[in-house]
Amino acid sequence: MDRAGISEARCKLGEELVAKGLTYNRESTRREILVHCPHCLTSYKVDVSTADIGWDKDYTWQVHHQVCPACNRKIVFFAMYPKTPGMQVVTRLAYPKGVSRKPIPPEVPSKIAEDYHEACLVLTDSPKASAALSRRCLQIILREHANVKPQDLRKEIDEVLASKQLPTYVAENIDAIRQVGNFAAHPIKATNSGAIVEVEPGEAEWSLDVLEELFDHYFVGPAQAQKKRDALNAKLAESRKPPLKTP
Ligand SMILES: [Zn+2]
């Protein structure tokens, strides 16, 4: 690929960055990429520095790097521009190892937290593996905490939506897992939720986002509400009044 080709390819780099967890503002120019720092999760605009590191028979290689102005940590990724026309630019986040997410709330049961943690760790290396772990997490939450009947994941999502137990925005987002994941084209995703199968662009990240919302709904919110009720009951007890009635 020649220099003009590389310029052209860099225009497409944003979409690759989204897939690697480094978000990119499509409105911005190439010199002003909106990066979502994989260390501290802050978003900022940056003029990415680029260094040519040569070529081999398959690719022209560059290193893209910048320092996050919020946490002052380096972010480095490789960009590989294929010599074969029509092939996509490949980017690999080289440092840090994975994209940070919000810390896992302590209220999340450990077997769900472990799968979620692993889904975050492998996201950049294998979106397929990450999405499979996320689907498995989702299925455990639906079966064990949303009380849906065990069946395939698509029907379980139907059942939780029909039960109207989720806030509208979470319900819409969980429904989108089927659409983004294109379950119609990949039915194995629903019938064997942990299977490693092709993923759509953005699917793995989306699944992690939805899991975070479900953690808040099923684990964090109820635990915080219980803590508030306990505090109020303690005050009522001090005043020798009966405790709140349990719902
Ligand atoms: Zn940062």
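Scroll up to find the structure this text is about.
None of these values were measured; they are calculated from a predicted model.

Asks: What's the story with helix α5 (residues 168-180) in this structure? I'm lost.
Replies: What sets the pattern is the α-helix's 3.6 residues per turn: residues three or four places apart point alike. With 13 residues, α5 should reach 18 Å at 1.5 Å per residue; the first-to-last C-alpha distance of 18 Å fits that figure. Buried within α5 we find I174, I177 and V180. Buried residues of α5 fall within an arc of 120° about the axis and therefore sit on the same side. When the buried face of α5 is taken as reference, the exposed residues oriented beyond 90 degrees from it are T168, E172 and Q179. Buried-residue contacts for α5 involve α4 (153-162) and α7 (203-238). A positive backbone phi angle near 50° is found at N182, which sits one or two residues after α5.

Asks: Mind showing me how you'd approach the sheet that holds strand β4 (residues 59-67) here?
Replies: Within a sheet, each strand pairs with its neighbour through backbone hydrogen bonds, oriented either parallel or antiparallel. Within the open sheet, the four strands sit side by side as β3-β4-β5-β6. Their pairing is antiparallel. At either margin of the open sheet sits one strand with a lone partner, and together these are β3 (49-55) and β6 (90-95). Across the sheet, the mean angle from the axis of one strand to that of its neighbour is 25°, orientation sign disregarded.

Asks: Would you mind going over unusual backbone geometry with me for this structure?
Replies: A negative phi holds for most residues other than glycine; trans holds for most peptide bonds. Omega for the bond connecting Y95 with P96 falls within 30 degrees of zero, at 0°, which places this linkage in the cis form. Along the polypeptide, P96 turns up in the loop between β6 and α2 (110-121). Unusually for a residue other than glycine, N182 sits at a positive phi of about 50°. Looking at the element boundaries, N182 is found in the loop between α5 and α6 (188-191). You can call N182 partly exposed: it has 14 C-beta atoms within 10 Å. The phi torsion at R240 lies on the positive side, around 60°, for a residue other than glycine.

Asks: Hey, could you run me through the nonpolar core in this one?
Replies: Residues A119, C137, I141 and L211 are the most contacted members of the largest nonpolar core, which totals 31 residues. Mapped by element, the contributors of at least two residues to this core are α2, α3 (127-145), α4, α5 and α7. No other element matches the nine residues that α7 contributes to this core. In this structure, C137 is in contact with I112, D115, Y116, A119 and L211, ignoring residues within four places of it in sequence. Membership of the second largest hydrophobic core comes to six residues, among which are F77, A79, Y81 and L93.

Asks: What is the right way to look at the environment of V199 in this model?
Replies: As for its position among the elements, V199 is in the loop between α6 and α7. Here V199 falls in the buried class, since 24 other C-beta atoms lie within 10 Å of it. Between the C-alpha atom of V199 and that of A131, which follows or precedes it by 68 residues, the distance is 7.4 Å. Not counting chain neighbours up to four residues away, the residues in contact with V199 comprise P127, K128, A131 and A204.

Criteria and thresholds
- Residues numbered from 1 in each chain as written.
- Predicted model: local features only at pLDDT ≥ 70, side-chain atom pairs only at ≥ 80, totals over all residues.
- Helix = DSSP H or I, 4+ residues; strand = E, 2+ residues; numbered from the N terminus.
- Expected span 1.5 Å × (residues − 1).
- Buried ≥ 20, exposed ≤ 12 C-beta atoms within 10 Å, placed from the backbone.
- Arc of directions from axis to C-beta.
- Contact = placed C-beta atoms within 7 Å.
- Pairing = 2+ DSSP bridges.
- Axes fitted to C-alpha atoms, helices over the stretch in contact; angles between N-to-C directions.
- Core = buried A, V, L, I, M, F, W, Y, C linked by C-beta atoms within 7 Å.

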